Amino acid sequence: MIEKSNTPIRVAQILGKMNGGGAEQVVMNYYRAIDRNKVQFDFFLFKTSKLVPAEEIKEKGGGLYMLCGFKNPVRYVRTLAGLLRENKYGIVHCHLSTLSFLPLLAAKKAGVPVRIIHNHSTSGGGRELVRNIAKTLFKPLAKAFATHRFACSEHAARWMYGAAPAAELSEENISDGAQKKIVRIMRNAIDIGLFRFDASKRSLFRGEFGVAGGTLLFGHVGRFCPQKNQRFLIEIFKEILRVHPNSKLIMAGVGEDMELIRAMVVAAGITDKVIFVGQRSDVDRLYSAIDCFLLPSNYEGLGMAGVEAQCSGLYCLFSDKVPREAKVSDGAQFLSLRTHYADWACAAVSCAKLRNDKAAEQVAAAGYDINAEAERLCRFYISMK
């Protein structure tokens, strides 16, 4: 039996830059859905964050702390430890993959008893060699300072923690000695109702960007970076245009590779066929508007955008580097990154305009309903009190 309390538990959510990425969206989804009379979130972010929903956080009763980045690790640890100690947090929930060792060290110094490391990613891709080496080196440190282990999927859990046993968030009666060995799976859950297909959203969004009714509209949502592999995506789309000239590609997101991808589009002479819409707060409308979703990632912890797209009934093409757990409906297929662009294009055109009418129910049944998962997370936090 969980004891009732009039004062909500305050949990320190530790993130890096809040620039609209997947991990930040996961935390915000849970924050919006969790019972804030029982649990409140305080957000600790880098000062370089550009897309912080500050007003929403404050309106919901959350705290917001902007810290220096990891370029000055000693200052970061000292500042964070001071804030954690001053506010007497009982739980720190850290979302920085292997770099979590710095905030978790700060939490240990501050005497925080529950220190959660939460892995949202893996590694891969030749253009991220230095980052991949750093991740490998920091893994042992990150795990050493944590008292509890979380991951967004079993795939992400195995990458970070090895062959550790996995448990659901709501699983109870785990001994104190087993807590550090068990990995709890906290799914990248979403608002099922928001992402369900909506014909009116489709019509309005396509009209906003001048996409005619007979045009096949392919879509992608993700940060422009080596992980998301947009260079491969542009090559696929060039082949799509050979098969079905009346097609367009819409891409949502920002990132360090954005100018590179724009240059590829210009060089290919397809600027009238590719629509860059930047960072969006209405990707639910985008999913209703498009006819097929493409995610040719070099690696993923899960692939949150893929879950959202499936909920909208879209048929999705994922690379074989996306975990199989990302298939949460009948509408997902996996293709190898070694498969020729033309084969990807044929598959994309073949499944475009198909819509899975049972998708939302299938996504919910797979455990990705944010309301149910937020309740489980709330119970976990309260059990740690």
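Here the structure is a predicted model, which means the values were calculated and not measured.

A word on the overall build of the chain
(1) Moving on: Check the secondary structure of the chain and you find 15 helices and 14 strands.
(2) Moving on: Since a compact globule built from 385 residues should have a radius of gyration of about 21 Å, the 21 Å found for the chain is in line with a globular shape.
(3) Moving on: Classification of the 385 residues of the chain by burial places 57% in the buried group.
(4) Moving on: A total accessible area of about 16400 Å² is found for the chain, and carbon and sulfur atoms account for 52% of it.
(5) Moving on: Of the side chains in the chain, 53 bear a positive and 37 a negative charge, and the two mean positions are spaced by 6 Å.

Observations concerning the nonpolar core
(1) Moving on: The biggest cluster of nonpolar side chains holds 100 residues, and the ones touching the most others in it are Phe41, Phe43, Tyr76, Leu84, Tyr287, Phe293 and Tyr381.
(2) Moving on: A per-element tally of this core places helix 15 (residues 370–383) first, with seven residues.
(3) Moving on: Apart from the residues within four sequence positions on either side, Phe43 is in contact with Gln13, Leu15, Met18, Val27, Met28, Tyr31, Ile57, Gly63, Leu64 and Tyr65.
(4) Moving on: Ranked by size, the runner-up nonpolar core spans 31 residues in total, among them Leu216, Ile240, Leu241 and Leu317.

Some remarks on unusual backbone geometry
(1) Moving on: Residue Asn229 is not a glycine yet carries a positive backbone phi of 65 degrees.
(2) Moving on: Relative to the assigned elements, Asn229 resides in the loop between strand 9 (216–221) and helix 9 (230–243).
(3) Moving on: Given the relative accessible area of 14%, Asn229 is considered buried.
(4) Moving on: A positive phi angle, close to 75 degrees, is found at Lys353, a residue other than glycine.
(5) Moving on: Inspection of the secondary structure assignment puts Lys353 in the loop between helix 13 (341–351) and helix 14 (359–368).
(6) Moving on: On the basis of relative accessibility, which here comes to 44%, the residue Lys353 falls in the partly exposed class.

Some words on the sheet that holds strand 4 (residues 91–94)
(1) Moving on: With respect to topology, eight strands assemble into an open sheet ordered 3-2-1-4-5-6-8-7, the strand pairing being parallel. The sheet is open, and its two borders are formed by strand 3 (63–67) and strand 7 (166–168), each paired with just one other strand. Geometrically, the sheet is characterised by an average inter-axis angle of 25 degrees between neighbouring strands, direction not taken into account.
(2) Moving on: With six bridges joining them, strand 1 (residues 9–14) and strand 2 (residues 39–46) adopt parallel strand pairing. Considered in strand 2, the bridge of Ile9 is made with Val39.
(3) Moving on: Where helix 1 (residues 22–33) meets the sheet, it contacts strand 1 and strand 2, and its direction lies at approximately 155 degrees from that of strand 2.

Section: the packing of aromatic side chains
Aromatic ring pairs are described here by two measures, namely the spacing of the ring centres and the angle between the planes.
(1) Moving on: Within the structure shown, the criterion is met by 18 aromatic pairs.
(2) Moving on: Ring geometry for Tyr31 against Phe41: centres 5.2 Å apart, planes inclined by 20 degrees, an arrangement best described as stacked. One end of the pair, Tyr31, is in helix 1; the other, Phe41, is in strand 2, with 10 residues separating them in the sequence. The exposure classification of Tyr31 matches that of Phe41, with both residues buried.
(3) Moving on: Of the aromatic side chains, those joined through ring pairs into one cluster are Tyr31, Phe41, Phe43, Phe150, Phe380 and Tyr381.
(4) Moving on: Over the ring of Tyr31 we find Arg36, and its NZ or CZ is 5.7 Å from the ring centre.
(5) Moving on: The ring of Phe334 carries the charged tip of Arg324 above its face, separated from the ring centre by 4.3 Å.

About the cut-offs
Residues numbered from 1 in each chain as written. Predicted model: local features only at pLDDT ≥ 70, side-chain atom pairs only at ≥ 80, totals over all residues. Heavy atoms only, no water. Helix = DSSP H or I, 4+ residues; strand = E, 2+ residues; numbered from the N terminus. Rg over C-alpha atoms; globule rule 2.2 N^0.38 Å. Buried < 20%, exposed > 50% of the residue type's maximum accessible area, 1.4 Å probe, protein only. Areas by Shrake-Rupley, 256 points an atom, 1.4 Å probe, with all protein chains shown as cover. Lys, Arg positive; Asp, Glu negative; His and termini not counted. Charge placed at Lys NZ, Arg CZ, Asp CG, Glu CD. Core = buried A, V, L, I, M, F, W, Y, C linked by side-chain atoms within 4.5 Å. Contact = heavy atoms within 4.5 Å. Pairing = 2+ DSSP bridges. Axes fitted to C-alpha atoms, helices over the stretch in contact; angles between N-to-C directions. Phe/Tyr/Trp six-rings, centres within 6.5 Å; stacked < 30°, edge-to-face > 60°. Lys NZ or Arg CZ within 6 Å of the ring centre and 35° of its normal.

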